[in-house]
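# Working through the structure, step by step
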Amino acid sequence: CPAGTFDNLKEEDRRCEVVDEGVSEEVEGMTMESLKLEAGFWRTNPFSLDIRQCSVEPACVGGNSTDGYCRDGHEGPYCDVCRNGYTRDAFRLCQSCGESAVSVFV
């Protein structure tokens, strides 16, 4: 499929569909599974077309892997949960517990 579209991979009605907000319009050959999300967006899994904007946009780095949508230290729905060993700073970003006290006072 050309840039700005993706292969919906539906056996009964396979076609190129226009990408929704939050999906890169620059990439050719995307499928539903390989949609490249823009920074600030998230989805639950590679089979979902439910693309959502993150409440803490810098926590969502985009990309085309549900394992890689989140900034380091973030995980879960909308990348809004801090991983173990991380704590939320004043900007709602997860920082390593060893770094969080320093970043608040800098």
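Only a predicted model underlies this, so the values are computations on that prediction, with no experimental measurement involved.

The next point concerns the overall build of the protein. Helix and strand counts for the protein stand at one helix and nine strands. Listing every helix and strand of the protein by position from the N terminus yields β-β-β-β-β-β-β-β-β-α. The C-alpha atoms of the protein give a radius of gyration of 16 Å, which is well past the 13 Å a tight globule of 106 residues would have. Projected onto its principal axes, the C-alpha coordinates of the protein cover approximately 55 × 20 × 15 Å. Expressed as a percentage of the 106 residues in the protein, the buried residues total 35%. Across the protein, contacts joining residues at least 24 apart in sequence account for 26% of those joining residues at least 6 apart. When the accessible surface of the protein is summed, it comes to about 6500 Å², and 48% of that surface belongs to carbon and sulfur atoms.

As a further point, take unusual backbone geometry. Of note in the backbone geometry, Tyr-78 takes a positive phi value of approximately 60° without being a glycine. Relative to the helices and strands, Tyr-78 resides in the loop between β6 (74-75) and β7 (81-82).

A word on the side chain of Asn-8. Position of Asn-8 among the secondary structure elements: in the loop between β1 (5-7) and β2 (16-18). Exposure remark for Asn-8: the relative accessible area of 2% places this residue in the buried category. Within the local environment of Asn-8, its side chain forms a polar contact with the side chain of Glu-17, the two groups lying 2.8 Å apart. Apart from the residues lying within four places of it in its own chain, the contact partners of Asn-8 are Asp-13, Arg-14, Arg-15, Glu-17 and Met-32.

What follows deals with the environment of Glu-25. With respect to the secondary-structure elements, Glu-25 resides in the loop between β2 and β3 (30-31). Here the alpha-carbon distance between Glu-25 and Thr-5, two residues 20 residues apart in the chain, equals 7.2 Å. When residues no more than four places from it in sequence are discounted, the contact partners of Glu-25 are Ala-3, Gly-4 and Val-19.

Strand pairing in a sheet relies on backbone hydrogen bonds, with the paired strands running either antiparallel or parallel. Taken in spatial order, the three strands line up as β2-β1-β3 in an open sheet, and their pairing is mixed. The two strands at the open ends of the sheet, each matched to only one other strand, are β2 and β3. In this structure, β1 lies alongside β3, joined through two bridges in parallel fashion. Bridge pairing links Phe-6 to Met-30 in β3.

Attention now goes to the state of the cysteines. Scanning the model with the defined rule gives four disulfides in all. The partner cysteine of Cys-1 in its disulfide is Cys-16, sulfur to sulfur 1.9 Å. Residues Cys-1 and Cys-16 share a disulfide whose torsion about the S-S bond is about -90°; that sign makes it left-handed. Of this pair, Cys-1 sits in the segment before β1 while Cys-16 is found in strand β2, placing the two residues 15 residues apart along the sequence. Residue class for Cys-1 comes out partly exposed when judged on its relative accessible area of 30%.

Rules behind the numbers
- In every chain, residue numbers begin from 1 and rise along the written sequence.
- Thresholds applied to this predicted model are a pLDDT of at least 70 for local features of residues and 80 or more for the giving and counting of side-chain atom pairs; totals over whole chains, interfaces and linings are not thresholded and use all residues.
- Hydrogen atoms and water are omitted, and side-chain values are computed over all heavy atoms in the structure.
- We count a stretch as a helix when DSSP gives it H or I for four or more residues in a row; a strand needs E for two or more, and each element gets its number in order from the N terminus.
- Radius of gyration: over C-alpha atoms. The globule rule applied is 2.2 Å multiplied by the number of residues raised to the 0.38 power.
- Exposed residues in this analysis have more than 50% of their type's maximum accessible area, buried residues have under 20%, and partly exposed residues fall in between, with area computed by a 1.4 Å probe over protein chains only.
- Here a residue-residue contact requires only that any non-hydrogen atoms of the pair lie within 4.5 Å.
- Note that accessible areas follow from Shrake-Rupley with a 1.4 Å probe, and for residues the cover is restricted to the protein chains shown.
- Any pair of N or O atoms that falls within 3.5 Å is considered a polar contact. Within protein, one atom must be able to donate a hydrogen and the other to accept it, and sequence-neighbouring residues count only if both atoms are side-chain atoms.
- One requirement defines pairing of two strands: DSSP has to find at least two bridges between them.
- Cysteine sulfur atoms that come within 2.5 Å of each other are treated as a disulfide pair.

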